[in-house]
Each structure stands twice: as C-alpha cells, then as structure tokens.
Amino acid sequence: MGEAVLLEAGGRSVRLSSPDKVFFPERGFTKLDLARYYQAVAPGILRALRNRPTTLQRYPDGVTGESFFQKRAPKNMPDWIPTAHITFPSGRSADEMCPTEEAAVLWAAQYGTLTFHPWPVRRDDVDRPDELRIDLDPQPGTDYDDAVRAAQELRAVLEEFGGLRGFPKTSGGRGLHVFVPIEPNWTFTQVRRAAIAVGRELERRMPEQVTIKWWKEERGERIFVDYNQTARDRTIASAYSVRPRPHAPVSAPLRWDEVGEAHPRDFDIATMPARFAELGDVHADMDDHRFSLEALLELARRDEHDHGLGDLPYPPEYPKMPGEPKRVQPSRARKTAD
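- Where an unreviewed UniProt entry is consulted, the protein appears under the name ATP-dependent DNA ligase, with the organism given as Streptomyces mangrovisoli.

Encoded structure:
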C-alpha cells in the first residue's frame, strides 16, 4: 500500500499512511487521491466547515468496507484542532471537532473520512443555527429532474417569504440541498418550524410533485421535503464532501442557472478539482449574507391558527416534544382504531 507520505498544508505536515490503498475500486481511486481531492477544494470545504461541530463519516478500508459515524472527537486528534461541546436530544453531550484549517480536513482523510457532516451552528453558539437547510429528497419513482423542479419553486417561496436567498448544491445522490444563511437568533425548534412552513407552502403549490409527509407510506412518487434534517443532531453532508458511492461523487455547490443543466454524476473527485480551479467556490459569498426567519415563522403561525397545521412528527429516536402529534404510522393507527 506504499510508504506513508507527508502532506503540507498551511505550515503543518499531515502524515498519510497507506496512500496507495484503494478506496473506490470501481474507479481505482486511492486514499491519496481522496486527500489530494480535499487539498484541491480546500477553500471551499473550509468555508462549509469552519468552526462548525462536525461528525465524520469514516470508511477506514474504503467505500466497500465497514463504516461508522464519529461524533466524539477522537482521543488521538491533534490539539491544534478545536472542538465544541454539543448536546444531543437524549441529553448526552460530547466534544466534536471543528475544522478551521486545511490540515484538519487532511487529518480526517488520513483516518478514512469520506463525508463531513457539519452542524448548522458555530462553536461560539451551539444552540442557535445560522443556516436553514432544506433537503429535497426524491422518493421511489422520482429522480433528480423532479428535485430540480421542486428547487426552482422553492427558490420563489424563499424570495416571497422574507427575501431569502438559497444556495443550492447536489446531495451527491439524486437529491438537492438548499442552504439559507440566517441570523443566529432562533432555536433548533424554531428553525425546524420554519422548515415545516417552507415544506407546506411548497406542497400547496406543487401537491402532485412535493410532499412533507413524514411517513413513507404516505409520500407516493413525490419529492419529500425532509424537515427533520433541521432537528438538533441531524446533519447534512457538507458542500464538497465525498459521498460513499462506487463512483466517488461529491456534493457540488451550484449557481441557480446551473441547477437545471447540471447532473449529480457530473461531479466526482476527478472532475471537481478542475471545476474548482476554473470557478472557485461558487458559494464563496454565502457567509456574507444573514437573513431573517420572521416571515416564515409568521407563515407557520398562520398555518396553525387558520388551518390547524401545527407541528409534525420527530424521528423515532427523539424524545417526545411539546406540541408534537402522535408518532404513530397512519396504517397502524387505523388498525388500532378498528
């Protein structure tokens, strides 16, 4: 697997062991290819990760091997990588790494990290998100093109309710993510409520194409707006993260005029470096913006007052939340009623 190599980054040396270990057999990409990729897009992925508590999705033996999510900062993590103390819905807590420089990303790659999952908060305030993240998830029978149509209407919804600007990116699979930078003035619960309001409005405008139904049996062949991705401890793969699929795709930031023209398979660890060298980070100005959620929260209040549309179910591992409806699958609830 070759002798270890030293990678230089910002005045630090990061040791990469077994650089020739094949991480993506279908394409022949090695561990060193993975690290070189992250070097090539370093300013972009650091923009997405900087000062955010980050969970590492690790594949020490490559994409075909065993994997796990590393939430707690490893004991062997260098002391120059800062951490943040975060609390999980269970009440337990942990220190998570907060990448602030290229060497931290390379250090994570050394330990088989393919995908970085940053929280939507910064380490100076871990209880108030500074991003509203909308996950457009194609259900069986739908595809990326359906997600594109939903994203275009989502763009109009965001503009109408508060003049919000969304930043789209491919998920690395069939879906799309749209991130909105917001003022860190609201709790996770409030941000999630804003995401529900967005989803409901999108569903009203595209009832045959979009759903916000939590239970899979109710979704049909539609794009699911996964509002629970905004719940505490739920994270979304960062921009430029490599996704654990055989062809080594990456989550690619897009300009809005590219959303309907690009395709997720256009972006992988072989093609993204050339795009980045030519265009740079197309979301580089994201941190220059901070929007308000007041218009969306007012929409949520109207939905509840006028239409009786309150909260929606949390994921099963979460404690019961105030105002949450019964967390029972509809078909099971009907059987119980019978």
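1. Regarding the UniProt feature "domain: DNA ligase D polymerase" (unreviewed entry) in the protein
- In the numbering adopted here, UniProt assigns the feature "domain: DNA ligase D polymerase" (unreviewed entry) to residues 30-282.
- Between the C-alpha atoms that bound residues 30-282 there is a distance of 27 Å. The span itself is 28% helix and 19% strand.

2. As for the sheet that holds strand 11 (residues 167-170)
- Spatial ordering of the open sheet is given by 11-12-10-14-13, a layout of five strands whose pairing is mixed. Strands at the two margins of the open sheet, each flanked by one partner only, are strand 11 and strand 13 (210-211).
- As defined by bridge partners, strand 13 adjoins strand 14 (residues 223-225) across two bridges and the pair is classed as parallel. Each residue of the ladder has a partner; that of Thr211, found in strand 14, is Phe224.

3. Structural notes on the layout of surface pockets
- In this structure, the largest pocket occupies an estimated 310 Å³ of space.
- Along the wall of the largest pocket there are 17 residues; nearest its centre are Asp135, Asp137, Ser171, His177 and Arg245.
- Grouping the constituent residues of the lining of the largest pocket by class yields five nonpolar, six polar and six charged.

4. Focus: the environment of Gln229
- Looking at the secondary structure, you find Gln229 in the loop between strand 14 and helix 6 (272-279).
- On a C-alpha basis, the gap between Gln229 and Ala195 in space is 9.0 Å, while along the polypeptide they are 34 residues apart.
- Not counting residues up to four positions away in its chain, the partners in contact with Gln229 are Asp135, Arg234, Thr235 and Ile236.

5. Things to note about the pattern of salt bridges
- A full pass over the atoms with the stated rule returns 28 salt bridges.
- Among the ionic pairs, Glu201 bridges to Arg204, the shortest N-O distance being 2.9 Å. Of the two residues, Glu201 and Arg204 are both situated in helix 5 (residues 188-205); the distance of three residues between them amounts to about one turn of the helix.
- Overall, Glu201 belongs to the buried group, its relative accessible area being 11%.
- With its nearest N and O atoms 2.9 Å apart, the salt bridge here joins Glu258 to Arg275. With a gap of 17 residues between them, Glu258 in the loop between strand 14 and helix 6 and Arg275 in helix 6 connect regions that are remote in the sequence.
- Judged by relative accessible area, which is 11%, Glu258 ranks as buried.

6. Comments concerning the packing of aromatic side chains
- This structure, assessed with the given rule, holds eight aromatic pairs.
- Between Tyr38 and Phe116, the aromatic rings sit 5.4 Å apart at their centres with planes inclined by 85°, giving edge-to-face as the arrangement. Taken together, the residues Tyr38 in helix 1 (residues 31-40) and Phe116 in strand 9 (residues 113-118) connect sequence positions 78 residues apart. The same class applies to Tyr38 and to Phe116, which are both buried.
- Ring centres 6.3 Å apart and planes at 55° place the aromatic pair Trp214 and Phe224 in the tilted group. With Trp214 in the loop between strand 13 and strand 14 and Phe224 in strand 14, this residue pair connects regions lying ten residues apart in the sequence.
- Among the residues examined, Trp214 registers a relative accessible area of 14% and is labelled buried.
- The ring of Tyr314 carries the charged tip of Arg192 above its face, separated from the ring centre by 3.5 Å.
- If you follow Arg219 out to its NZ or CZ, it ends over the ring of Phe224, 3.7 Å from the centre.

What counts as what
- Residues numbered from 1 in each chain as written.
- Predicted model: local features only at pLDDT ≥ 70, side-chain atom pairs only at ≥ 80, totals over all residues.
- Heavy atoms only, no water.
- UniProt positions renumbered as here; feature names shortened; annotations may be inferred.
- Helix = DSSP H or I, 4+ residues; strand = E, 2+ residues; numbered from the N terminus.
- Pairing = 2+ DSSP bridges.
- 1 Å grid on protein atoms, 1.4 Å probe; cavity = no way out; pocket = protein on both sides within 12 Å on 5 of 7 lines; lining within 4 Å.
- Points joined across faces, edges and corners; volume = space filled by probe spheres on them.
- Nonpolar A, V, L, I, M, F, W, Y, C, P; charged D, E, K, R; others polar.
- Contact = heavy atoms within 4.5 Å.
- Salt bridge = Lys/Arg side-chain N within 4 Å of Asp/Glu carboxyl O.
- Buried < 20%, exposed > 50% of the residue type's maximum accessible area, 1.4 Å probe, protein only.
- Phe/Tyr/Trp six-rings, centres within 6.5 Å; stacked < 30°, edge-to-face > 60°.
- Lys NZ or Arg CZ within 6 Å of the ring centre and 35° of its normal.

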